[in-house]
Amino acid sequence: MSPESPESPETDTPPGTPSAVGRPAGQPAGQPAGQPAGQPAGQPAGRPAGGPEPHGRRPRLLRDASLSAVLAGFVAVVVSYSGTLVIVLAAASAGHLDPAQTASWVWAISIGSGLTCVGLSLRTRMPVITAWSTPGAALLVTSLGAYSYAEAVGAFLITGAVITLVGLTGVFGWLMRQVPQAVVSAMLAGILFGFGTHVFTSLKTAPFIAGSVLLAYLLAKRLLPRYAVLVALAAGVAGSAATSRLHVSLHAIEPARPVLTAPEFSLASLVGIAVPLIVATLASQNAPGMAVLSASGYRPGDRLLIGTTGVASTVLAPFGSHAVNLAAITAAICTGPEAHPDPRRRYVAGVSCGVCYLLIGAFGSTLVTFFAGLPGELVAAIAGVALFGALAGGLTGAVKEEKDREAALITFLATASGVTLFGIGSAFWGLVFGVAAHFVLSGRRRGRTAGA
């Protein structure tokens, strides 16, 4: 079937529901997942391939833009800078980087994330959310101090090149396509589980702030469902100000000044930085990131997504970027129905997220102080309610098929446990244990069937 061939009719079932997570309606038997008939890989389910643009010459982005999608992208950025950037700053401190090198690092990962978010979201019409490698930064906290900064930059350069190669060859995508959908959905649910519970654990330390967020979200979900997260954010900010917990300030805004560092290569930095950084980025970031898009009903093209983030990592490595990759947690904020009821218009959230990254990155670490002034309970509560829809979709997909429920349960428990083995996070191990359980249980059933 040619790319211009018509596709199956659209349905009202949003991505993330059981019917959207499985084989799309009208897809022929044997058609590989991720390459549906008549539809280019990397597009969301239900999007027509080709055809004239409706509504005259008005740009598609303007037609598809919505306040809820723009807000989802902004919330994703707030969560990123308010939480994981602290790990990057800690790694910079451990590596004895001066303020200029640290600001350049922040600039590089912000610009890389912003460009890939905007470019990939517009190219694929999916909410592609990218970010810097959080587990990679965590590894650098303990290892960066043992090497010179130039050696670290050399390791970052090798990391980006290897990830690019793995992505463009399609090896990574092939491995992901062998994973049962129930296991993917369970891993997503396990990743998001802690964020859902943080809404309620925040009630202990900041009851007024977290309570305001939760109550406002529920009321708005009933009356103004598309703007529930916006209303919750406004209520949380008001609650933070009322309790004197809001400490945001901007004394001076200065543009970033990137610092170019010539890389140096050594076997020690290759083994001590590049190898664990490659594994952590692919296993703990890109795998869950692909899973989030897949579990939300999209058909991500792994070669384009992984290859592009790898190229961005390579180009920006001399400026301090350790790795740019697909995001999972912040991606879930932008891929669910809270971003927009129509899955074909959620890509605007990815564009919004990217633009926010670029604006913040353009001023280095200056605007980061703004996000640092937000109470932790406010960030946790907003992230939690914004992920309710994605968490519900993951749980639904995990238990849809009875034959896969045990493997999905193992995946969910391992992922939600937060266990880290050999420096690799729980999302990867949840995937490993779930796939292993699936093959063991499937083999047992086939054996019994054959012997019956």
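Residues numbered from 1 in each chain as written. Predicted model: local features only at pLDDT ≥ 70, side-chain atom pairs only at ≥ 80, totals over all residues. Heavy atoms only, no water.

**Let's talk about a nonpolar patch on the surface**
Next up, step 1: Nonpolar side chains collect at one region of the surface, where Leu 267, Leu 270, Val 271, Val 275 and Val 279 lie side by side and expose about 420 Å² of accessible area between them.
Next up, step 2: The topology assignment puts Val 275 in helix α11 (residues 267-295).
Next up, step 3: Residue Val 275 is classed as partly exposed on the basis of its relative accessible area of 43%. (Patch = residues over 30% accessible without salt bridge, like charges linked within 9 Å, V, L, I, M, F, W, Y side chains within 5 Å. Areas by Shrake-Rupley, 256 points an atom, 1.4 Å probe, with all protein chains shown as cover. Salt bridge = Lys/Arg side-chain N within 4 Å of Asp/Glu carboxyl O. Helix = DSSP H or I, 4+ residues; strand = E, 2+ residues; numbered from the N terminus. Buried < 20%, exposed > 50% of the residue type's maximum accessible area, 1.4 Å probe, protein only.)

**Side note on the nonpolar core**
Next up, step 1: By size, the foremost hydrophobic cluster in this structure holds 108 residues, and its most contacted members are Val 75, Trp 105, Leu 192, Ile 273, Leu 305 and Tyr 357.
Next up, step 2: In terms of residue count, the dominant contributor to this core is helix α3 (residues 67-94) (13 residues).
Next up, step 3: The contact partners of Trp 105, leaving out residues within four places of it in the chain, are Val 88, Ala 91, Ala 92, Leu 97, Leu 140, Leu 144, Phe 319, Gly 320, Ser 321 and His 322.
Next up, step 4: Within the second largest apolar cluster, five residues are counted, among which are Trp 107, Ala 108, Ile 111 and Leu 316. (Core = buried A, V, L, I, M, F, W, Y, C linked by side-chain atoms within 4.5 Å. Contact = heavy atoms within 4.5 Å.)

**Re the state of the cysteines**
Next up, step 1: Across all of its chains, the model carries zero disulfides by this definition.
Next up, step 2: Cys 353 takes part in no disulfide bond, and the closest cysteine sulfur, belonging to Cys 117, lies 4.1 Å away.
Next up, step 3: When its relative accessible area of 0% is taken as the criterion, Cys 353 is described as buried.
Next up, step 4: Summary of cysteine pairing: Cys 356 is not part of a disulfide, and the nearest cysteine sulfur, belonging to Cys 353, is at 6.9 Å.
Next up, step 5: The exposure class of Cys 356 is buried, given its relative accessible area of 17%. (Disulfide = S-S within 2.5 Å.)

**Examining the pattern of salt bridges**
Next up, step 1: Using the criterion set out here, one finds four salt bridges in the structure.
Next up, step 2: Across the pair Lys 221 and Glu 338 runs a salt bridge, and its minimum N-O distance is 3.3 Å. Of the two residues, Lys 221 sits in helix α9 (residues 207-223) while Glu 338 sits in the loop between α13 (329-335) and α14 (347-362), which places them 117 residues apart along the sequence.
Next up, step 3: The exposure class assigned to Lys 221 is partly exposed, which follows from its relative accessible area of 33%.
Next up, step 4: Judged by its relative accessible area of 10%, Glu 338 falls in the buried class.

**Describing α9**
Next up, step 1: With 17 residues, α9 ought to run about 24 Å at 1.5 Å a step, and its terminal C-alpha atoms sit 24 Å apart, in line with that.
Next up, step 2: Elements that come into contact with the buried residues of α9 comprise α8 (181-205), α10 (228-242), α16 (376-386) and α17 (388-399). (Expected span 1.5 Å × (residues − 1).)

**Quick look at helix α6 (residues 149-168)**
Next up, step 1: For α6, which comprises 20 residues, the first-to-last C-alpha distance of 29 Å matches the rise-based estimate of 28 Å (1.5 Å per residue) to within 8%.
Next up, step 2: Of the residues one or two after α6, Gly 170 is the one with positive phi, at around 85°.

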